[in-house]
Amino acid sequence: MEKPPARLLMPDMPALVCLGRRKPLLPGPPLTDDELKAAGI
């Protein structure tokens, strides 16, 4: 988690959950070439 757990109890959190993410989805997993090679992909 990037923020402390108490952040989940803030009054604006339900609105943020309903509105969804502001950043676009990643095109794929953020793996390095070495990690992909180790996974056999």
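For the structure itself, look to the data block above.
Here the residue numbering is sequential within each chain, running from 1 through the sequence in written order. Note on the predicted model: pLDDT of at least 70 is required for a residue's local features to be given, and 80 or more for side-chain atom pairs to be given and counted; whole-chain, interface and lining totals, by contrast, use all residues. Side-chain numbers come from the whole structure's heavy atoms, not from hydrogens or water.

J.: Which parts of the structure should I look at to understand the overall build of the chain?
T.: For the chain, the helix and strand inventory stands at two helices and zero strands. Along the first, second and third principal axes, the C-alpha atoms of the chain reach 45 × 20 × 10 Å. Burial classes: relative accessible area under 20% of the type maximum marks a residue as buried, over 50% as exposed, and values in between as partly exposed (1.4 Å probe, protein chains only). The buried share among the 41 residues of the chain stands at 2%. Just so you know, the count uses Lys and Arg for positive and Asp and Glu for negative, and it drops His and the chain ends. A charge is said to be at NZ when it belongs to Lys, at CZ for Arg, at CG for Asp and at CD for Glu. Distance between charge centroids for the chain: 10 Å, based on 6 positive and 5 negative side chains. Here a strand is any run of E in DSSP of at least two residues, a helix any run of H or I of at least four, and the numbering for each starts at the N terminus.

J.: So what exactly am I meant to see when it comes to the pattern of salt bridges here?
T.: A side chain of one charge can pair with a side chain of the opposite charge if their charged atoms are brought near each other. By definition here, a salt bridge exists when the distance from a side-chain nitrogen of Lys or Arg to a carboxyl oxygen of Asp or Glu is within 4 Å. Under the definition given, this model contains one salt bridge. With its nearest N and O atoms 2.8 Å apart, the salt bridge here joins Asp 12 to Arg 7. The exposure class assigned to Asp 12 is partly exposed, which follows from its relative accessible area of 36%.

J.: Would you take a moment to explain the environment of Pro 24 for this structure?
T.: Residue position: Pro 24 is located in the loop between helix H1 (13-19) and helix H2 (33-39). For Pro 24, a relative accessible area of 68% gives the class exposed. In the structure, Pro 24 is positioned 14 residues away from Ala 38 in sequence and 27 Å away in space, judged by C-alpha atoms.

J.: What should I look at first to understand a positive patch on the surface in this one?
T.: Taken together, Lys 3, Arg 21, Arg 22 and Lys 23 make up a surface patch of like positive charges. Looking at the secondary structure, you find Arg 21 in the loop between H1 and H2. Within this analysis, patches are made of residues with over 30% relative accessible area and no salt bridge. Like charges are joined at 9 Å or less; nonpolar side chains (Val, Leu, Ile, Met, Phe, Trp, Tyr) at 5 Å or less. Residue burial considers only the protein chains on display, and all accessible areas are found by Shrake-Rupley using a 1.4 Å probe.

J.: Whenever I open this one, the environment of Pro 30 confuses me. Can you help?
T.: For Pro 30, the location among the structural elements is in the loop between H1 and H2. Taking C-alpha positions, Pro 30 is 15 Å from Gly 40, a pair spaced 10 residues apart along the chain.

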